[in-house]
Amino acid sequence: MNQTIYITGASGCIGSNLIPLLNNVTPIEGDIMDVDFEKILKPESILVHLAARSDIAESKEKPEEYNKVNVGGLKRVADACFLRKVKLLFTSTVHVYGCPGPMIDENCQTLTAFSPYGATKIAGEKYLKELGSKGLKYTIFRWPGVFGYSRSMHFDTALNQMVLQAVTGKPLTIWEETWKQKRPHLYIGDAVGAIKFFLDNDLFQNEIYNVITGNFTVEETVNTIKELVPNLLISFIKAPAMNPLLDISDKKIRSLGFEPQGSLSQGIKEMIPHINI
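These lines cover the structure that appears in this document, whether it is placed above or below. For every chain, the first residue of its written sequence is number 1, and the numbers climb from 1 along that sequence. Restriction of local features to residues with pLDDT of at least 70 applies here, the model being predicted, together with a cutoff of 80 or more for giving and counting side-chain atom pairs; totals for whole chains, interfaces and linings are based on all residues. Remark: hydrogens and water are excluded; side-chain values derive from all non-hydrogen atoms of the structure.

**Re the overall build of the protein chain**
Using the following cut-off: The numbering of helices and of strands both runs from the N terminus, where a helix is a DSSP run of H or I of at least 4 residues and a strand a run of E of at least 2. Radius of gyration means the value over C-alpha atoms here, while the globule rule gives 2.2 Å times the residue count to the 0.38 power. The rule is simple: take the accessible area with a 1.4 Å probe, protein chains only, and divide by the maximum for that residue type; under 20% is buried, over 50% is exposed, in between is partly exposed. Throughout, a residue-residue contact means that at least one pair of heavy atoms, one from each residue, lies within 4.5 Å. The Shrake-Rupley method, run with a 1.4 Å probe sphere, supplies the accessible areas, and residue values consider only the shown protein chains as cover. When charges are counted, Lys and Arg contribute as positive and Asp and Glu as negative, whereas His and the chain ends are disregarded. A single reference atom marks each charge: NZ on Lys, CZ on Arg, CG on Asp, CD on Glu.
Helices and strands together make up the secondary structure of the protein chain, namely ten helices and eleven strands. A globule of 277 residues ought to have a C-alpha radius of gyration of about 19 Å, and the protein chain, at 19 Å, matches this closely. By its C-alpha atoms, the protein chain is 55 × 40 × 40 Å across when sized along the principal axes. Here the protein chain holds 277 residues, and the buried ones make up 48% of them. The long-range share in the protein chain, meaning contacts at least 24 apart out of those at least 6 apart in sequence, stands at 80%. Approximately 13,200 Å² of the protein chain is accessible, and the part contributed by carbon and sulfur atoms is 50%. Side-chain charges in the protein chain split into 29 positive and 30 negative, and the spacing between the mean points of these groups amounts to 2 Å.

Structure, rendered in structure tokens:
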């Protein structure tokens, strides 16, 4: 691919793993609320928008800040892409689905904001759809929390937090009601692999794609951690689950030829040596 690829959030968890895989890439430095995107962007190029606030718990404490960065920042990026005829890849979340199971795909029209973070992603998708009707070319990825090692690894996603607790000797508290329930997870290698696949194949047709490594029960996840951290302590409590049950279909992206390569074990194993005890 000869097109210039711009990346916001290039130093973050995903961006720092993505950049080494790309050619002709230009990281966009600085606060996305201040950058003059119209001045920077070259026509007929691509922008991967990864800069965002993504801590669901924090978003409940700082909803205004999340709206400013995730919605206001996206609008600045998208407006510039529209004016400069730049294709845009935007990362949303599976935590916007309000449809009942057993398997949820992109045809679900019931979107529900379970947090201020989710609300920002719904607003972002809506804005891109509006610009798409005017000519913007984009792709939206809906994905769950990303797990696995990154040079900018953080622990605000559920699985990374569980691994951190396990390695540092803190017990995992599990709701009994969730033990057999499935949750989607995305290995970081599959996250960057999906982005590269779309860039390599120039897939910008104003579509939404679920991107996951797989749907795993809480039992599978905890047992995988325990295999790698044998001294793991687990406590069960009786309490209603706070998060909705999600069993996500990724048939749509697989139909294009993309196949996730990661696994729970691989991602957790790669993380452990980099956690300071």
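Moving on from the model shown.
**A look at the sheet that holds strand β10 (residues 214–217)**
To keep things clear, this is the line we draw: Should DSSP find at least two bridges between two strands, the strands are regarded as paired. Helix axes are fitted only over the stretch in contact, all axes being lines through C-alpha atoms; the angle between N-to-C directions runs from 0 to 180 degrees.
Pairing is mixed in the open sheet, where three strands are placed in the order β6-β8-β10. Strands with a single pairing partner mark the edges of an open sheet, and in this sheet they are β6 (146–147) and β10. Against the sheet, helix α8 (residues 218–228) touches β8 (182–187) and β10, its axis set at about 85° to β10.

**Overview of the pattern of salt bridges**
Cut-off, in case you're wondering: One side-chain nitrogen of Lys or Arg within 4 Å of one carboxyl oxygen of Asp or Glu is enough to make a salt bridge.
For the coordinates displayed, the defined rule picks out eleven salt bridges. Between R254 and E259 there is a salt bridge, and its shortest N-O distance comes to 2.5 Å. Judged by its relative accessible area of 40%, E259 falls in the partly exposed class. Members of the salt-bridge network, linked through shared partners, are R53, E58, K62 and E65.

**Notes on the sheet that holds strand β2 (residues 25–27)**
Pairing in this open sheet of six strands is parallel, and the strands run β2-β1-β3-β4-β5-β9 from one edge to the other. On the outer flanks of this sheet lie β2 and β9 (207–210), each paired with one strand and no other. Neighbouring strand axes in the sheet, compared pairwise and without regard to direction, differ in orientation by 20° on average. Of the strand pairs in this sheet, strand β1 (residues 5–8) and strand β3 (residues 46–49) are connected by four bridges, and their pairing is parallel. Within the sheet, the bridge partner assigned to T8 lies in β3 and is H49. The strands that helix α5 (residues 116–132) touches are β4 (87–93), β5 (138–143) and β9; relative to β4, the one it contacts most, it runs at about 150°.

**A word on the packing of aromatic side chains**
The test is simple: Between the rings of Phe, Tyr and Trp (Trp by its six-membered ring), a pair exists once the centres lie within 6.5 Å; its type follows the angle of the planes, with under 30 degrees stacked, over 60 edge-to-face, and the other angles tilted.
This structure, assessed with the given rule, holds seven aromatic pairs. When the centroid spacing of 5.0 Å and the interplanar angle of 85° are considered together, the rings of W179 and F236 count as edge-to-face. Residue W179 is located in the loop between β7 (172–175) and β8, and its partner F236 is located in strand β11 (residues 234–237); the two are separated by 57 residues in the primary sequence. Taking relative accessible area as the criterion, W179 reaches 16% and is therefore assigned buried. On the basis of relative accessible area, F236 is assigned to the partly exposed category, the value being 39%. One aromatic cluster is present, built from ring pairs that chain together F141, W143, F197, F198, Y209 and F258.

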